[in-house]
Structures are given as structure tokens and as C-alpha cells.
Amino acid sequence: MSSQNLQLSNEISEFEEDSKWFYENVSLLRKKNFIGKFVAIKNKEVIASGVDFNMVVKEVESKGRNPAYIVIEYVYPEGTIILF
Amino acid sequence: MKIPVRVEFFAGGLRPIVTVYIKSEIPKIFGVVSAIIDTGSPTTILGGGDIQRMRISEIQLGKLVGEYKELNIGGAQIKTRILPEAELMISGKKFKILDIQIPVKLIKGTPPPTILGIDFLLQGKLSFFFDPNRKEAYLELEG
């Protein structure tokens, strides 16, 4: 595997781990006052948050991260049901 | 060949979710997304937030094709155009998928997540198994 492919594979794996962490810890995030906010997760930690998605993306960029590989999710209030 | 799918509790219920790497040459788009497999959706749509994360310039967005189409999804109202061709990679397996809906304007609401619809299953020649009782799901390639 080339170093570029290896790096991509690592980015995808880390993204998946952070995504799993988000869904498993959304109750904890609600307790920490992230309800109604977007949270950016890297290495199972919130690295940026806010009510404006674009501001969160900019904060992620300001930390030297490429947001294309960072989990950014919205913390819905408990009990919210979304039908897609 | 079976491709594992996670089953996560999200926005009121259990959802089948996969991590997808998406790449397109024209327009230039790449990034990783968490996608919900939704057999109630006829089309695949890239999440509004996901598209913003990928920092796609106005020039690149101008390379999307087709008319502006208004969609209502998950309480949000969005306008979309078509990404004519993209490569999706799931668990190392690549799929070439045509005509993905791309949100170009959020009219109201919270941007919806990425959804893999029936068109993805058809084009990828995949069947989909989902058992919410056992929290088990997977995609299976034909043949």
C-alpha cells in the first residue's frame, strides 16, 4: 500500500471511530451543554462546537485539521425524532 | 461478499450507518461521511453539512449538472443539483455511482445527513439486510 493510500485508510478508520464515539456518547454531550450545537470530534474528543456549522468548520481549519476528514454532528435534544 | 453496516441510535431510532469515502473528479469533491442507508429514499443525497465540510468552491459547485430541484427531507428544505459520477468506497470496496443529489442551498431547517438510497443498491448490485432486534446489518454483493 502506498503511503498516500495508507494515510487515507488511517483517516477513514479514525473518522469511523470518532463517528461511533459520537453516537455512543451523545447523552454525555447533552449533559455537557452541547444540545442544539454542532460538535467536531477528533480522537474521541470535542475539538470545536457552536450553533453555526460554518463557524465550526472554520474552527476546525484553524486547528490545522482538514474538515473533510473530521466528524461534525448536530446534537439534537433528547426525544427528537427525525423522519428521513 | 458481505460489507458490515453499523447500527446506531440516532434522532429517535436505530439507523443503519456506514462510513463512506466519496471522491469525484468533476467537480472535485472528496471526503469521508457517515451515511444512513434508507430504503425509503429512491435517491442518494450527500448531506448538507458533509458538503460544507468538503469546502467545495463556487467554481466546483458550478460544475454540477441539471436543474435546481427542491427537496424536503427530515424537516429541512433544500435545493439540489446533480453530481453526475462519483466513486464511493465502503470497507475498501469501490462503487461507481451516478446522479447523486448535492445540496446547493439550505432554505430552512438543519442540514440532513448523507443518505444512500435505493439507487445506490441498484447501481452497486447490492442487497441490504437489517435486523434492528439484533442490531445487525450488512450489504451483500450479488454473485
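Everything quoted here is computed from the prediction, not taken from an experiment. (Residues numbered from 1 in each chain as written. Chains lettered and ligands numbered in written order. Predicted model: local features only at pLDDT ≥ 70, side-chain atom pairs only at ≥ 80, totals over all residues. Heavy atoms only, no water.)

1. Describing the overall build of chain B
Using the following cut-off: Secondary structure elements follow DSSP: runs of H or I no shorter than four residues count as helices, runs of E no shorter than two count as strands, and numbering proceeds from the N terminus. Radius of gyration means the value over C-alpha atoms here, while the globule rule gives 2.2 Å times the residue count to the 0.38 power. Throughout this description, buried means an accessible area under 20% of the type-specific maximum (1.4 Å probe, protein chains only), exposed means over 50%, and partly exposed covers the range between. Two residues form a contact once any of their heavy atoms are found within 4.5 Å. Areas reported here follow the Shrake-Rupley algorithm with a probe of radius 1.4 Å; residue values treat only the protein chains shown as occluding. We score Asp and Glu as negative and Lys and Arg as positive, and we do not count His or the chain ends. Charge positions come from single atoms, namely NZ of Lys, CZ of Arg, CG of Asp or CD of Glu.
Each helix and strand in chain B was counted, giving three helices and nine strands. Reading chain B from its N terminus to its C terminus gives the helix and strand order β-β-β-α-α-β-β-β-β-α-β-β. On C-alpha atoms alone, chain B measures out to a radius of gyration of 15 Å, which is about the 15 Å that the 2.2 N^0.38 rule sets for 143 residues. Dimensions of chain B, computed from C-alpha atoms along their principal axes, come out at roughly 45 × 35 × 25 Å. Out of the 143 residues belonging to chain B, those deemed buried represent 54%. By sequence separation, contacts in chain B at least 24 residues apart represent 58% of the contacts at least 6 residues apart. Carbon and sulfur atoms form 52% of the exposed surface of chain B, whose accessible area is close to 6,800 Å². Here chain B contributes 19 positively and 15 negatively charged side chains, and the mean placements of these two sets differ by 4 Å.

2. With respect to helix 3 (residues 53-62) of chain A
For clarity, the threshold we go by: Within this analysis, the arc is defined by the directions that extend from the helix axis to the C-beta atoms.
Among the residues making up helix 3 of chain A, those that are buried are Phe53(A), Val56(A), Val57(A) and Val60(A). Looking straight down helix 3 of chain A, one finds its buried side chains confined to an arc of 100 degrees; they lie on one side. Of the exposed residues in helix 3 of chain A, those oriented more than 90 degrees away from the buried face are Met55(A), Lys58(A) and Ser62(A). In this fold, the buried residues of helix 3 of chain A make contact with strand 1 (38-42), strand 2 (45-50) and strand 3 (71-74) of chain A together with helix 1 (48-53) of chain B. In the segment just after helix 3 of chain A, Gly64(A) is the residue with positive phi, at about 80 degrees.

3. Describing helix 1 (residues 3-24) of chain A
Side chains that are three or four residues apart share a direction in an α-helix, a result of its 3.6 residues per turn. Note the cut-off: Given a helix with a known number of residues, its expected span is that number minus one, times 1.5 Å.
For helix 1 of chain A, built from 22 residues, the straight-helix expectation of 32 Å at 1.5 Å per residue is met to within 8% by its first-to-last C-alpha distance of 31 Å. The complete set of buried residues in helix 1 of chain A reads Leu8(A), Ile12(A), Phe15(A), Asp18(A), Ser19(A), Trp21(A), Phe22(A) and Tyr23(A).

4. Section: the environment of Lys42(A)
All names here are of chain A. Take Lys42: it is sitting in strand 1. Overall, Lys42 belongs to the buried group, its relative accessible area being 4%. Here the alpha-carbon distance between Lys42 and Ser19, two residues 23 residues apart in the chain, equals 9.3 Å. Residues within four places of Lys42 in sequence aside, it is in contact with Glu11, Glu14, Asp18, Ile47, Arg65 and Ile70.

5. A short note on unusual backbone geometry
All names here are of chain B. Looking along the chain, the bond that leaves Ile26 and enters Pro27 is cis, with omega of -5 degrees. Relative to the helices and strands, Pro27 resides in the loop between strand 2 (13-24) and strand 3 (29-37). One non-glycine residue, Ser91, lies in positive phi territory at about 50 degrees. Owing to a relative accessible area of 52%, Ser91 belongs among the exposed residues under this scheme. The residue Lys125 is not glycine, and still its phi comes out positive at about 50 degrees. Its place among the elements puts Lys125 in the loop between helix 3 (118-123) and strand 8 (126-131). Take Lys125: its relative accessible area is 51%, and that puts it in the exposed class.

6. Some details on the sheet that holds strand 2 of chain A
All names here are of chain A. The condition that has to hold: A pair of strands is treated as paired once DSSP finds two or more bridges between them. Note on geometry: axes are C-alpha line fits, over the in-contact stretch for helices, and angles between N-to-C directions span 0 to 180 degrees.
Overall, antiparallel pairing links the three strands, which are arranged 2-1-3 in an open sheet. Of all strands in the sheet, those bounded by a partner on one side alone are strand 2 and strand 3. Within the sheet, the average angular offset between the axes of one strand and its neighbour, ignoring direction, is 25 degrees. As judged from the four bridges shared by strand 1 and strand 3, these two strands associate in the antiparallel manner. Residue pairing for strand 3: Ala40 is matched across the bridge by Ile72. In this fold helix 1 packs onto strand 1 and strand 3, with an angle of close to 130 degrees to the strand it touches most, strand 1.

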